[in-house]
Amino acid sequence: MEAKMESKDVLWKLRTEKGLSQEALADRLHVTRQAVSRWENGGTVPGPETLKELSRLFDVSINTLLGSPRTLICQCCGMPLDDSSVSREKDGTFNEEYCKWCYDGEKFVYSSITELTDFLVEHMAGGNWTKDQARAYYEAQLPKLNHWRKD
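Residues numbered from 1 in each chain as written. Predicted model: local features only at pLDDT ≥ 70, side-chain atom pairs only at ≥ 80, totals over all residues. Heavy atoms only, no water.

Next up on the list: helix α6 (residues 113–124). Across its twelve residues, α6 extends 16 Å between first and last C-alpha, which sits within 8% of the 16 Å expected from 1.5 Å per residue. All of the buried residues in α6 are Leu116, Thr117, Leu120 and Val121. Buried positions in α6, seen along its axis, are confined to an arc of 135° and lie on one side of it. Residues of α6 that are buried in the fold lie against α7 (131–141). Note on α6: the residue one or two positions beyond its end, glycine 126, has a positive phi of about 105°. (Helix = DSSP H or I, 4+ residues; strand = E, 2+ residues; numbered from the N terminus. Expected span 1.5 Å × (residues − 1). Buried < 20%, exposed > 50% of the residue type's maximum accessible area, 1.4 Å probe, protein only. Arc of directions from axis to C-beta. Contact = heavy atoms within 4.5 Å.)

So, in structure tokens, the structure goes:
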């Protein structure tokens, strides 16, 4: 398992993979080269708006830019999220609350918790779980997720 990287290391890696100098990245973000240097040395972290710009530029989530400090799970189905499975809004920005299979940037795929449970049972049963065990698990877990929680 790969160790978690710190934000400074993530920023350096993404910048160098894209072939950008600190100066070139600074120009794209309308900041100073010294600001980029401070981020990469761990002296500071980019602010919220700059993180959004970096997310768009490097096509990674803000969670990834920050060194993945949170373990993200889809708040509809409970699946673990990474940059390849997280949903996007229509403008292309990441929506770190849902997977791309539950939310398409405009609407939710499943109209009810029962519809999602039925889908999951059909696709997750087998192997180690019977359909009844899978159904019991999802009926207990899904209502705890933000999308289905009734406050």
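On to the environment of glycine 92. Note on placement: glycine 92 falls in the loop between β1 (86–88) and β2 (94–99). On the basis of relative accessibility, which here comes to 29%, the residue glycine 92 falls in the partly exposed class. Along the chain, glycine 92 and aspartate 59 lie 33 residues apart, while their C-alpha atoms are 9.1 Å from each other.

Note on aromatic pairs: each is described by the distance of the centres and the angle between the planes. Counted under the stated rule, the structure contains seven aromatic pairs. Summarising the aromatic geometry, the rings of tyrosine 98 and tyrosine 103 are spaced 5.9 Å apart at their centres and angled 45° between planes, so their arrangement reads as tilted. Looking at tyrosine 103, the relative accessible area reads 11%, which means it is buried. Summarising the aromatic geometry, the rings of tyrosine 98 and phenylalanine 108 are spaced 4.8 Å apart at their centres and angled 80° between planes, so their arrangement reads as edge-to-face. Residue tyrosine 98 is found in strand β2, and its partner phenylalanine 108 is found in the loop between β2 and α6; the two are separated by ten residues along the sequence. Taken together, Tyr98, Tyr103 and Phe108 form an aromatic cluster joined through their ring pairs. Of note, arginine 88 hangs over the ring of phenylalanine 94, and the distance from its end group to the ring centre comes to 4.1 Å. (Phe/Tyr/Trp six-rings, centres within 6.5 Å; stacked < 30°, edge-to-face > 60°. Lys NZ or Arg CZ within 6 Å of the ring centre and 35° of its normal.)

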